[in-house]
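Here are the chains, one letter per residue:
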Amino acid sequence: MKLKTREMPYSEVIKLKPKKHKKPLKPFFLLALVIRILSFFALLGVKAEFKKIGMERLSKKEPCLILMNHSSFIDLKIVSTLLFPRRYNIVMTSDGFVGKNLLMRLIGCIPTQKFISDSLLVKDILHCVKKNKTSILMYPEASYSFDGTATPLPQSLGKLVKKLGIPVVMIRTYGAFAYDPLYNNLQTRKVKISAEMEYLLSPEEIKEKSFEQINSILKEQFSFDNFRWQQENGIKITEKFRADCLNRVLYKCPHCNCEGETEGKGTTLTCKNCGKVYELTEDGFMKAKNGVTEFSHIPDWYAWQRECARQEILSGEYKIECEVDIYMMIDTKCVYKVGDGVLTHTKDGFSLVGCDGQLNYTQPAELSYSLYSDFYWYEIGDVISIGTPKVLYYCIPKSKKDIVAKARIATEEIYSQSI
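Residues numbered from 1 in each chain as written. Predicted model: local features only at pLDDT ≥ 70, side-chain atom pairs only at ≥ 80, totals over all residues. Heavy atoms only, no water.

Moving on to a nonpolar patch on the surface. Residues Phe28, Phe29, Leu30, Leu33, Ile37, Phe40, Phe41 and Leu44 make up a contiguous nonpolar surface patch of roughly 770 Å² in combined accessible area. Among the residues examined, Phe40 registers a relative accessible area of 40% and is labelled partly exposed. (Patch = residues over 30% accessible without salt bridge, like charges linked within 9 Å, V, L, I, M, F, W, Y side chains within 5 Å. Areas by Shrake-Rupley, 256 points an atom, 1.4 Å probe, with all protein chains shown as cover. Salt bridge = Lys/Arg side-chain N within 4 Å of Asp/Glu carboxyl O. Buried < 20%, exposed > 50% of the residue type's maximum accessible area, 1.4 Å probe, protein only.)

Listed below in structure tokens is the structure:
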């Protein structure tokens, strides 16, 4: 999926009127029907199977909060199949509205900013549940998984569940990550996909539990490992491009400790600094082709990178500084390319300067528990996004070295050390 963009000087973009907030609409049924039909044919290709657990407890017209793990774009097709004809609003990142604002509103989408405090979102959700009598679909992780395991959930999620007081339903997907992992440049694989939809919490159970207890339940529900699932179920990924761009996730070589020099191509990951070569096997393991295999499991490798970043932060050595192309989102007409600059990340937060000295934005570390970072963002490039509810900055690194995953890891570690 591509994004409508336009080049415009920063001095002109900051004069534009910000998008006006509008209350979410009740989903237009005919559009939901069209999406359901299109999804049916798309899911035929992956031989999708679905299972419902305890859903007889939920009446057809009773609003509920639907929480789903986020693995790939096919998630929306799974949802439209499982939930139809139930009317539901979808909490969606605001850049998804660019160039198609009316369509997204008619579908029932609610815009929000990832990992940025949005006081209007809860009001919008309450409006949908109380007035529109619709259900709410949320991807509480807010971002696709990089390494196939769960990303952090917001601590405010339990409070939202308590405030809504409506049934909570969980949708878990299996195979969606293996079918289209984020790092692999939208190259899909031949993988069978399945999903479970389970009635998780009733209004009575929500009322008797604290939000901390609810958070604990949800954290357990969002504990998964897609590579482990692949291995334990004997799923073979035979495509010859399966390791393409894997360096986005595994950016640090465990043999020589060099960062930003790994290259994923074909079925192998190679460190250009020391020459170590690893194969991503058909069953989802990493296997060294020359020497010892330090990490055979990709999430273990990723966890090691997290520990390395944590030690850098504790020692005061952590710093990312990178030249970037800068895009801005003010309204939903398009995303504006305003120039270039330098993005810096330290334990104190982010700093973005550029556009011939006109732009100077800082974002403190305590502002967010994670980071909106993405691979191959709308087919433009890898991205790090920072900003406020009024203006978002999308920073596309010019360097070929992979920093996006490390920036997200470091953001989470810096935040966890501050609380």
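Enumeration according to the criterion identifies twelve aromatic pairs in this entry. With a centroid separation of 4.2 Å and an interplanar angle of 20 degrees, the aromatic rings of Phe146 and Phe375 are classed as stacked. Taken together, the positions of Phe146 in the loop between β6 (135-138) and α6 (157-164) and Phe375 in strand β17 (residues 372-377) put the pair 229 residues apart, joining distant regions of the chain. Taken individually, Phe146 and Phe375 each receive the classification buried, so the pair is uniform in this respect. Look at Trp377 and Tyr394: their rings are 4.5 Å apart centre to centre, the planes differ by 20 degrees, and that puts the pair in the stacked class. (Phe/Tyr/Trp six-rings, centres within 6.5 Å; stacked < 30°, edge-to-face > 60°. Helix = DSSP H or I, 4+ residues; strand = E, 2+ residues; numbered from the N terminus.)

Going through the model one piece at a time under the given rule, you end up with 18 salt bridges. Between Glu196 and Arg172 there is a salt bridge, with the nearest N and O atoms lying 3.4 Å from each other. On the criterion of sequence distance, the pair formed by Glu196 in strand β8 (residues 194-201) and Arg172 in strand β7 (residues 168-174) is long-range, its members being 24 residues apart. Residues Asp382 and Arg248 are paired through a salt bridge, measuring 3.1 Å at the closest nitrogen-oxygen approach. Here Arg248 lies in the loop between α10 (226-232) and β9 (262-265) and Asp382 lies in strand β18 (residues 381-387), a separation of 134 residues in the sequence. Judged by relative accessible area, Arg248 falls into the buried class, the value being 9%.

Bringing the sheet that holds β6 into the picture now. Sheet architecture is open: seven strands sit in the order β2-β8-β7-β3-β6-β4-β5, paired in mixed fashion. This sheet does not close on itself; its edge strands, each paired only once, are β2 (49-53) and β5 (109-112). For this sheet, the mean angle separating the axes of adjacent strands, direction not counted, is 20 degrees. In this sheet, β6 lies alongside strand β3 (residues 65-68) in parallel orientation, the contact comprising three bridges. Across the sheet, residue Ile66 finds its bridge partner in β6, namely Leu137. Sheet strands touched by helix α5 (residues 119-132): β4 (88-93), β5 and β6. Its angle to β5, the strand with the most contacts, is close to 170 degrees. Across the sheet, helix α9 (residues 211-221) touches β3, β7 and β8, and the angle it forms with β8 is around 165 degrees. (Pairing = 2+ DSSP bridges. Axes fitted to C-alpha atoms, helices over the stretch in contact; angles between N-to-C directions. Contact = heavy atoms within 4.5 Å.)

Turning next to the packing of helix α11 (residues 298-315) against helix α12 (residues 404-418). Any two packed helices are characterised by the angle at which their axes cross and by the distance between the axes. Relative to each other, α11 and α12 sit at 55 degrees, their axes nearing to 9 Å. Between α11 and α12, the angle is such that the two are oblique. Crossing angle aside, the handedness with which α11 passes α12 is right-handed. Note on element contacts: α12 touches α11 through Ala405, Lys406, Ile409, Ala410, Glu412, Glu413, Ile414 and Gln417, opposite Tyr302, Arg306, Ala309, Arg310, Glu312, Ile313 and Leu314. Residue composition of the contact of α11 with α12, by class: eight nonpolar, one polar and six charged. (Parallel < 35°, antiparallel > 145°, perpendicular 65-115°, else oblique. Left-handed = near helix turned anticlockwise from the far one by under 90°. Nonpolar A, V, L, I, M, F, W, Y, C, P; charged D, E, K, R; others polar.)

Attention now goes to the environment of Lys4. Topologically, Lys4 is positioned in the segment before β1 (5-7). Residue Lys4 is classed as exposed on the basis of its relative accessible area of 52%. Sequence-wise, Lys4 and Thr332 are 328 residues apart; in three dimensions their C-alpha atoms are separated by 9.4 Å. Excluding its chain neighbours within four sequence positions, the residues that come into contact with Lys4 are Val98, Lys333, Cys334 and Val335.

Let's shift gears to the sheet that holds strand β12 (residues 286-288). Two pairing modes exist for strands in a sheet, parallel and antiparallel, and in both the strands are linked by backbone hydrogen bonds. One open sheet accounts for four strands, arranged β9-β10-β11-β12; its pairing is antiparallel. The outermost strands of the open sheet, each flanked by one partner alone, are β9 and β12. Direction aside, neighbouring strands of the sheet carry axes that sit 25 degrees apart on average.

The next thing to look at is the packing of α6 against α9. Where α6 meets α9, the axes come as close as 8 Å, and the angle between the chain directions of the two elements is 115 degrees. One element, α6, and the other, α9, form an angle in the roughly perpendicular class. Here α6 runs over α9; the crossing is right-handed. Here α6 contributes Leu157, Gly158, Lys159, Val161 and Lys162 to the contact with α9, which in turn contributes Phe211, Ile214, Asn215 and Leu218. Looking at the contact of α6 with α9 residue by residue, the classes come out as five nonpolar, two polar and two charged.

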